[in-house]
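If you want the building blocks of each chain, they are given just below.
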Amino acid sequence: MGDIGLLGFGPDGWGLVLFRAGLMTLAVSVAAFLCGLVLGTLVAWARVGGNRVMRALAEAYTVVLRGVPDILVIYLFYFGGRQVVAAIGTALGFAGPFDISGFVAGMLAIGLISGASQSEVLRGAYQAVPRGTIEAGRVVGMGRFTLFRRVIAPQAMVTALPAMGNQWQSVIKESALVSVTGLVETMRQVSVAAGTTQEHFLFYAAGAVIYLIITTLSDQVFRLAERRSLRGHQGAGY
Amino acid sequence: MITASIGPALSLSGLRKSFGHNEVLRGIDLSARDGDVISMIGASGSGKSTLLRCIPMLEIPDAGTIAVGEDSLSPKGGRLTRTEDAIARRMRGHLGFVFQNFNLWPHRTVLENVIEAPLFVQGRSRAEAVDEALALLEKVGLAEKRDAWPAHLSGGQQQRVAIARALAQHPRAILFDEPTSALDPELVGEVLKVIRRLAEEGRTMLIVTHEMGFAREVSSRVVFLHQGRIEEDGTPAEVFGAPKSERARAFLASHFDRNR
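This is a predicted model, so every value here is computed, not measured.

Asker: Go over the side chain of Arg172(B), please, and point to the residues and values.
Answerer: Mapped onto the fold, Arg172(B) is located in the loop between helix H5 (155-167) and strand E7 (173-177). Side chain to side chain, Arg172(B) and Asp34(B) meet in a polar contact 2.9 Å long.

Below, the structure written as structure tokens:
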């Protein structure tokens, strides 16, 4: 079996590059999650308060993204995106070669995938806000924006947080798919290391540990946020 | 505190509202002068809650005019236009509304519930809003609960906070939508006591209620609604003592039978 020293941080160890790869996983996941959050909020808003055209567009988006494999979306953005960028670049008279970074393609692709499910979570959370508390806000003269910021969002957040935690976990795991673009994140790095050293078991196990560390730590963060957001809704201890 | 201006505090004319094919309000005319305490009674489905909810445009009437102080609106059902919405918000700013189910904001403490609109709608200073809110909580007997969460209060306490929240609006008129109907019987008294005190202060109030004894005692006027129309409108002595319409007689008879 493998030499555990290979995972060390010394000159012969892979420790440092694996650490960097872990950070890259975190970075691309955070970027994709935020991208999905913005998109998910807009889509949820379109579905709840939009006109017929907006509702139809939002509906179409969620249906398409739910029905297409994630890996295909990434290929579409990375390879397809490169083609589009090249076409536009050439048309504008720039000389090639044209490229789109794996990070950006991955962020957009996973953001788009996550946005579809985040919009479902957010819509459900909005619908769970008691109508009466919204009426109470309208009746004191709140406008749409104040109503959203002071009454709807804080209550919807409480409902949405646990499910948003799950969305974040999915994004972290989906980020492994971005390795197909050559972006050196955890998945890519462990397979390179495994190939180079022929210590497959050791490095894939190390990769699993890196993902587990990230997911466990973020789980703690979400739990903390949930506890804080539950103030007032449950026992006085919160 | 109560400013007597020219004209009624509140006036409704020709108010109509349907839900689908069900015509709930069939032409309501009603106006309240400053200091009036008007109780609205009637069977469930008579339209009294809908009438009350039309005043701050929680329901948009299909026809008719609503005036609060100097502002008035004559919407035609559906949605309000941008201009109408701005007027509606100004009108709401001059009203207090107390819901049957309290509708406190569960994510804010008692004090935060009361200072919310003064701070985030009216733009008053925090110090001023807090001072006033504490005085209002004192008035409804809940000063010591200022930092409690609504979920930890009894229904009667929540409703008293809701009344303090309505008073923080500096309302020209306060609207009560069956303020004691969601309460356990033993908690009704504490809420009625607060409303009675407001009546004694000369506040302008419209109260939808099933508490006949209370209506008789605090009101300057009683209005009886039946199938979306006002059937009786008079002093408590007139409406309770000598109702003119057959329907009002039947309604009151059944009510007093049940309660006595």
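Still more ground to cover, so stick around.
Asker: Hey, could you go over the UniProt feature "transmembrane region" (unreviewed entry) in chain A for me, with residue numbers and the actual values?
Answerer: Residue and element names in this part refer to chain A. Under the UniProt annotation, the feature "transmembrane region" (unreviewed entry) is placed at residues 23-46, 58-78, 84-113 and 201-222. Across residues 23-46 one finds 100% helix and 0% strand; the C-alpha atoms that close the span lie 34 Å apart. Its end C-alpha atoms 24 Å apart, residues 58-78 is made of 90% helix and 0% strand.

Asker: I'd like a rundown of helix H6 (residues 185-200) of chain B, residues and numbers included.
Answerer: All names here are of chain B. With 16 residues, H6 ought to run about 22 Å at 1.5 Å a step, and its terminal C-alpha atoms sit 24 Å apart, in line with that. Along H6, the residues classified as buried are Leu187, Val188, Val191, Leu192, Val194, Ile195, Leu198 and Ala199. The buried residues of H6 occupy an angular sector of 155° when projected down its axis, which confines them to one face. Turned more than 90 degrees off the buried face of H6, the exposed positions are Glu186, Lys193 and Glu200. Next to the buried residues of H6 lie strand E3 (37-41), helix H4 (126-139), H5, E7, strand E8 (205-208) and helix H7 (212-218). Gly202 sits one or two residues past H6 and shows a positive phi near 90°.

Asker: Residues and numbers for a nonpolar patch on the surface, please.
Answerer: All names here are of chain A. Judged by side-chain polarity, Phe9, Leu16, Phe19, Leu23, Leu26, Val30 and Leu34 come together as a nonpolar surface patch covering roughly 650 Å² of accessible area. On the secondary structure map, Val30 appears in helix H1 (residues 15-49). When its relative accessible area of 36% is taken as the criterion, Val30 is described as partly exposed.

Asker: Give me the pattern of salt bridges: which residues, what numbers.
Answerer: Residues and elements named next belong to chain B. Within this structure, the stated rule accounts for 22 salt bridges over all chains. Two residues, Asp34 and Arg172, come together in a salt bridge whose shortest N-O distance is 2.9 Å. With Asp34 in the loop between strand E2 (22-32) and E3 and Arg172 in the loop between H5 and E7, the pair connects residues that are 138 residues apart, well separated along the chain. By relative accessible area, Asp34 is classed as partly exposed at 24%. For Arg172, a relative accessible area of 15% translates into the label buried. In this structure, Arg124 and Glu132 form a salt bridge, with 2.6 Å as the shortest nitrogen-oxygen distance.

So, how was this worked out
Residues numbered from 1 in each chain as written. Chains lettered and ligands numbered in written order. Predicted model: local features only at pLDDT ≥ 70, side-chain atom pairs only at ≥ 80, totals over all residues. Heavy atoms only, no water. Helix = DSSP H or I, 4+ residues; strand = E, 2+ residues; numbered from the N terminus. Polar contact = N/O pair within 3.5 Å; in protein donor to acceptor, adjacent residues only side chain to side chain. UniProt positions renumbered as here; feature names shortened; annotations may be inferred. Expected span 1.5 Å × (residues − 1). Buried < 20%, exposed > 50% of the residue type's maximum accessible area, 1.4 Å probe, protein only. Arc of directions from axis to C-beta. Contact = heavy atoms within 4.5 Å. Patch = residues over 30% accessible without salt bridge, like charges linked within 9 Å, V, L, I, M, F, W, Y side chains within 5 Å. Areas by Shrake-Rupley, 256 points an atom, 1.4 Å probe, with all protein chains shown as cover. Salt bridge = Lys/Arg side-chain N within 4 Å of Asp/Glu carboxyl O.

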